[in-house]
Every structure is written in C-alpha cells, then in structure tokens.
Amino acid sequence: MSDRPIDSAIGSAQDIRVTTHRLAAVREAVLAGEIASDAPSDAPRAVIGESWRRVRVSGVDPDRDRPQKPLPVAELEYRRQISRLAPVLPVLNEGLLAAADAAQQIMVVTDAEGRVLWREGSAPVRRMADRLGFDKGADWTEGVVGTNGIGTALVARRPVLVHSAEHFVRSHHGWTCAAAPLHDPRDGRLLGTVDVSGPAPGFHPTTLSLVSAVARLAEAELRTRHHLSLERLRSSAAPLLARIGGRALAVDPNGWVVGVTGLTPPDRVALPKSPEAGPLWLPRYGMCTLEPLPGGWLIRIGRQERDIAPSRVVLDVSARDGSTVTVTGPAGTWSHELTPRHAELLFVLAAHPQGRSAAELARDLFGDDSRTVTVRAELSRLRRHLASVLAHRPYRFAEGVEVELRLPPQPVHLLPQSLAPAVAAARRG
C-alpha cells in the first residue's frame, strides 16, 4: 500500500469504500503496534507514516479532538492584512472555488503557521467543518489536529493528500483534504497553504493536481506583482542614483536591488525587518546610511576608520515553520530568514565549531562527500548575507563570534522537512 498512491487507487464509490476500510485497518494496526508505521508492506504511505510518528511524539490523542483556540478577531484581521497571500485570493478563488462548490467541498487558505485565514465554499460543508473547529482563525498544524492536508503539507513542503483514516484523529476520518504549500517566488519562503477539503465520499482523483496547479498560478501572480513593483521603484530611483557620487544602492522594502552606482549590483541586500532612516550596519557593506525612497530605500555605503564586526549570532531552528539567524554587533542587530538548505548548513557549522571541509559538509547534507560543488555554491549564496560571520578553510563561524544555537524542545522536531543525514542523526539524539 505504501507504494500505491491513494488517488490512483480510487476510481469509483466502491473504490472509496474499500480504500477507506483498508486505511482504517492499517491505522488501527499501527496504533496497536501490530505493524510499524515505516514497515515495507501493509503500512501507510511514507508521507503519512512520517506524519503519524511526529504527531504521536507530540502527544496528539488519536481518538479525541484537542480544543481549538482560534485567533481573536483583531489578530485574524491583522494577519490577513499583512499576508502576502491576500493579493492572490482572486486567483485562488477563480481556480478552485467553483470546483469546490460543485463537489461539496470548501477552500481554505492558511498562513505559514497553519492558522486559517480564509474559508469559502459549500455552506453545508462549512457547518460540518465548524463542528470540528475547522473555522477561520483555527490552528490546523499537525501538533494540534494531527495528520491533515494543511499541517502535513506545511511540514513536508510539498502538496499532500490526506484521505479518510489517513487522518490521525478519528473524528476527521470522514474527510479528505488536498493541500499545497504556497511560497514567496522571490526567496522561496513559505507563505502558507491552499487546501480543498470535504466529505470523503466526494473525493475526486484530480483534486490534488488541481490544487497544486492553482498554487503555482498564485505564485506566478506574486512573481509578476514583484517585478512590476521593482520596475516602478527603478524608474524613480534611476535619476537619483545618476547624481550620486560614491557607492549607493536603491532597494525595495525587502532589500531587492533595483539599481546601483559605484559597485557590482547584488540581487538583494539583507535589511533589518523594520529598517529606519539613518546609520545602519549591513553584513556585506559595513556602515551605511539609509534614506527613504518612494517604495523603498536608498543605501549610501560609507567607509569607517575601523571595521565594526559582529560579536554574536543566534541561530534559531526551534520553530517548525522556518529558521532565522540573528546577528548582533556594536552597530545594532538584524535578522535573516533562512532557506531550508541554509538552515541545515548553519546548524551543522554550529554543531561543529572547529569547522567542516566542503567534503564533510557534502556528507553531512547529502550523504555523499563528492557533492562539494553544490556545497560551495550554497555557501557562496549564504555568505552574501553573512560574509563577516562565516570563515572558510575550513568552513566555520568566524573567530570571536559568540554562537547560540536554539533547538526545538524535542529533537524529533528539528528541521522536520530536512533529509540531511546530519540532521536526521541529531533528531535521534
């Protein structure tokens, strides 16, 4: 069963009943310890078995719902306003809502923390969802509601279908959920998920493919909007840059570069989350001056008599929905959100303060010490943000930099989407 996709196994109402019965039997056997969740046969699909192991460690009760604590209305509205997904709601609605209504399903959009921001679709199904607490503001992560399309897609970082008794909690067995993660096309950061859910008998084999395709359309719309905003800023910044002597950059509020003078243009500059006009230390350029532009910032790069080097780094890999690195020095503090690969790299370096060669890092990340080219390329990208923090030959954190590594309370939750051998070994303790 683990090698047979659910959607290819179902083609009729009778198939649904047979598959549902088989899934229930597998779940009961796993919970009773009669078969392992990763056994080679008569086991759940790999993505489901891995999720079951996580939620069992988290203490989710397979036979009882955990009471929901939905977001307060004001917090829900705030999250909607700042969500990068708000502008693409029309794309998601146009692509999914009519099909969801016709199939007696609902469409749900969450943020990266698994909180339900928007919910639309069949009124009878919405009332059914209400009884499960599946409403706006609800927390639909694995640690709260067990294995489900939304929570499991957030961990796996890929589209996931969860059918009937593949849900860990028994009260969800009457449902099928198909969810796809939505990423920021600028940097790959996870923004949330889009999900189609409803009664299991209404399941259609193409649902997951449809949800995945519409998610890609939404990401394409985000990419287009980003390019248009950069073009507008570029037009207004170009005359200013032409009059400036010395070195300077024009960037959008997220640090994406639209123009430079006096230096080679990078793709992006690592800005603080809430930058303010005035002097600012930047990891690649040292002391700079920030000036506001319509829709962005002008960064004037200045020379200092002495380097102001960072003194402390906090690598936070404790959250399930993302990792950050925070750098502190005499000029202030700034944080940078890490890609999954860069989080793995910095975790390994923090765990080996004496340093690692490219071959050792290749073995740590891929189980193959010949993949040094890939490792060096990733480290080159990482050093664009952390050039003054990282040293090489061997790769390590620079001397004199205090490094704090923040880990999740339970090792099994360390970088849950990672397949790196070094991370897998750390999860086992």
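Residues numbered from 1 in each chain as written. Predicted model: local features only at pLDDT ≥ 70, side-chain atom pairs only at ≥ 80, totals over all residues. Heavy atoms only, no water.

As recorded in an unreviewed UniProt entry, the protein chain goes by the name Transcriptional regulator, listed as coming from Streptomyces tubercidicus.

A. Quick peek at the sheet that holds strand β10 (residues 296-301). The antiparallel open sheet is built from 5 strands, whose spatial order is β7-β6-β10-β9-β8. Either end of the sheet is taken by a strand with one partner, and the two such strands are β7 (257-261) and β8 (278-282). With direction set aside, neighbouring strand axes in the sheet form an average angle of 30°. In terms of strand pairing, strand β6 (residues 247-251) meets β7 through 4 bridges, oriented antiparallel. In the sheet register, Val251 faces β7, and the bridge partner there is Val257. Running over the sheet, helix α9 (residues 207-243) touches β6, β7, β9 (286-293) and β10 and is turned about 15° from β7. (Pairing = 2+ DSSP bridges. Helix = DSSP H or I, 4+ residues; strand = E, 2+ residues; numbered from the N terminus. Axes fitted to C-alpha atoms, helices over the stretch in contact; angles between N-to-C directions. Contact = heavy atoms within 4.5 Å.)

B. View of the environment of Gly146. Among the structural elements, Gly146 can be located in the loop between α7 (142-145) and α8 (149-156). Sequence separation between Gly146 and Arg56 is 90 residues, and the spatial gap between their C-alpha atoms is 8.4 Å.

C. Focus on the packing of helix α5 (residues 89-102) against α9. Contact geometry of α5 with α9 gives a least axis separation of 8 Å together with a crossing angle of 165°. On the basis of their axis angle, the class for α5 and α9 is roughly antiparallel. By crossing handedness, the relation of α5 to α9 is classed as right-handed. Residues Val91, Leu92, Gly95, Leu96 and Ala99 of α5 lie in contact with α9, whose contacting residues are Leu210, Val211, Val214, Leu217, Ala218 and Glu221. Its residues assigned to classes, the contact of α5 with α9 shows 9 nonpolar, 1 polar and 1 charged. (Parallel < 35°, antiparallel > 145°, perpendicular 65-115°, else oblique. Left-handed = near helix turned anticlockwise from the far one by under 90°. Nonpolar A, V, L, I, M, F, W, Y, C, P; charged D, E, K, R; others polar.)

D. How the structure looks around α5. The end-to-end C-alpha distance of α5 is 19 Å, a good match for the 20 Å that 14 residues give at a rise of 1.5 Å each. For α5, the principal kink sits at Leu96 and spans about 40°. Residues Leu89, Leu92, Leu96, Leu97 and Ala100 constitute the buried set of α5. For α5, the elements touching its buried residues are β1 (106-111), β2 (116-121), β4 (175-183), β5 (190-199) and α9. Positive backbone phi, approximately 55°, marks Gln104, located one or two places after α5. (Expected span 1.5 Å × (residues − 1). Bend = angle between axes of the 7 residues up to and from the residue. Buried < 20%, exposed > 50% of the residue type's maximum accessible area, 1.4 Å probe, protein only.)

E. Broad picture of the pairing of β8. A large share of β8 lies buried, amounting to 4 of its 5 residues. Both β8 and β9 contribute to a ladder of 5 bridges, which runs antiparallel. If you follow Gly278 over to β9, its bridge partner there is Leu290. The antiparallel pairing of β8 with β9 creates a hairpin that spans 3 residues between the two strands.

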